[in-house]
Amino acid sequence: MRRHASRARASGAHADRRPIEKIDSSFSPGLSILAEVSAMAIRTILEFPDQRLRTRAQPVTQFDAELGHLIDDMFETMYAAPGIGLAATQVDAHKRLLVIDVSETRNEPLVFINPEILAREGVAETEEGCLSVPGIFDEVKRAERIRVRFQDRTGSVSERDFDGVLAICIQHEMDHLEGKLFVDYLSDLKRQRIRKKLEKERKQRAARAGDAVTRSGHTY
C-alpha cells in the first residue's frame, strides 16, 4: 500500500462474527522486530494487470531462515518504493505474509503471517494507493476497526485490535493474499482506464531504457 494525503469518513457500523469491545492502543511493534541479517535485497514489485497478482497465497508452515530472508527483503523493498505495506504476493512469493510500517519515522515494522480477520466494525471511506498500481489513488470503503489473529516471524500467535490507517492497510494487504487489488472496488470503466494508463507508461519506460542502452553503446 502507498501512503497518500487522504480523508476518511466513518459511517454506520457492522459486525462480523462478534463485535469489537475495545481497540487495543497498546499494541507493541516489538512483536515483529526485523532480524539482523548480513544483506537484504530489493525485489521487483509486480504491477497491474500482471496475472500473478491474481494468485491466491498459501499458508506459511515453515518458520525458518528462508522465511526470515523473505521478510527482510520485503521490508527493504517496501521502504525503497516507498510504501507503508507490502504483501508477499506483490513480489511473486505466494505466501500468506504481510509487512507493514505506517509510522512517519519508518521505524515500527510489523509482520503479519497467516493473518485472519475475526471481527469488523464501522465503515471508513479512505483514499488508497497501491505499489502494484503506481500513481493511482481512489476511495475505497473498508471496516474502520478490525480484530486480527496472526503469527509473527517466529510462529507465535497473537490476536489484536486495530483501527485507523493501520486497520485500512492490513485489509488492503490481505486482499492481495486473495488475489484481489484495490482497483477491483472501482467501476469497470475506471479499471480499464487505469490498465491503459499503466500499460502506456510501461511502454514509455521501456522505450526510454532502450534509448539509454543504445546511447551507451552496449547491448544487454
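Scroll up to find the structure this text is about.
Worth saying up front: this structure is predicted, and the values here are computed from it rather than measured.

### Observations regarding the overall build of the protein chain
For step 1, the next point in the chain: When you go through the protein chain residue by residue, the secondary structure sums to three helices and eight strands.
For step 2, the next point in the chain: Written out in order from the N terminus, the α and β elements of the protein chain read β-α-β-β-β-β-β-β-β-α-α.
For step 3, the next point in the chain: Classification of the 220 residues of the protein chain by burial places 46% in the buried group.
For step 4, the next point in the chain: The long-range fraction of contacts in the protein chain, counting pairs at least 24 apart against all pairs at least 6 apart in sequence, stands at 72%.
For step 5, the next point in the chain: Carbon and sulfur atoms make up 50% of the accessible area of the protein chain, which amounts to about 11500 Å² in all.

### Digging into the pairing of strand S3 (residues 97–100)
For step 1, the next point in the chain: Because side chains alternate across S3, one face comprises the buried residues Leu97 and Val99, and the other comprises Leu98 and Ile100, equally buried.
For step 2, the next point in the chain: Bridge count for strand S2 (residues 85–87) against S3 is three bridges, and the pairing is antiparallel. For Ala87, the partnering residue across the bridge sits in S3 and is Leu98.
For step 3, the next point in the chain: Bridge count for S3 against strand S4 (residues 110–121) is four bridges, and the pairing is antiparallel. Residue Val99 lies in a different strand from S4, and its bridge partner there is Val111.

### Brief notes about the sheet that holds strand S7 (residues 145–151)
For step 1, the next point in the chain: Pairing is antiparallel across the open sheet formed by five strands, whose spatial order is S2-S3-S4-S7-S8. Single-partner strands in this sheet number two, and they are S2 and strand S8 (157–163). The sheet shows a mean angle of 40° between the axes of neighbouring strands, taken without regard to direction.
For step 2, the next point in the chain: Helix-sheet contacts for helix H1 (residues 65–80) involve S2, S3 and S4, and the interaxial angle to S3 is about 40°.

### Some thoughts on helix H2 (residues 164–177)
For step 1, the next point in the chain: Under the 1.5 Å per step criterion, the end-to-end length of H2 is 21 Å for 14 residues, consistent within 8% with the ideal 20 Å.
For step 2, the next point in the chain: Counting buried positions over the 14 residues of H2 gives 12, a clear majority of the element.
For step 3, the next point in the chain: Looking one or two places after H2, you find Gly179, whose phi comes out positive at around 80°.

### Some details on the nonpolar core
For step 1, the next point in the chain: Counting residues in hydrophobic clusters, the biggest one holds 22 residues, and the most contacted among them are Phe112, Ile146, Val148, Phe162 and Ile170.
For step 2, the next point in the chain: Contributing elements (two or more residues each) for this core: S3, S4, S7 and H2.
For step 3, the next point in the chain: Broken down by element, the residue count for this core peaks at seven residues, all from H2.
For step 4, the next point in the chain: The contact partners of Ile170, leaving out residues within four places of it in the chain, are Leu98, Ile100, Phe112, Ile146, Val148 and Phe162.
For step 5, the next point in the chain: Membership of the second largest hydrophobic core comes to 17 residues, among which are Leu70, Leu86, Val91 and Ile113.

### Description of H1
For step 1, the next point in the chain: End to end, H1 covers 23 Å across 16 residues, agreeing with the expected 22 Å (1.5 Å per residue, within 8%).
For step 2, the next point in the chain: The set of residues buried in H1 consists of Leu67, Gly68, Leu70, Ile71, Asp72, Asp73, Met74, Phe75, Thr77 and Met78.

The rules behind the values
- Residues numbered from 1 in each chain as written.
- Predicted model: local features only at pLDDT ≥ 70, side-chain atom pairs only at ≥ 80, totals over all residues.
- Heavy atoms only, no water.
- Helix = DSSP H or I, 4+ residues; strand = E, 2+ residues; numbered from the N terminus.
- Buried < 20%, exposed > 50% of the residue type's maximum accessible area, 1.4 Å probe, protein only.
- Contact = heavy atoms within 4.5 Å.
- Areas by Shrake-Rupley, 256 points an atom, 1.4 Å probe, with all protein chains shown as cover.
- Pairing = 2+ DSSP bridges.
- Axes fitted to C-alpha atoms, helices over the stretch in contact; angles between N-to-C directions.
- Expected span 1.5 Å × (residues − 1).
- Core = buried A, V, L, I, M, F, W, Y, C linked by side-chain atoms within 4.5 Å.

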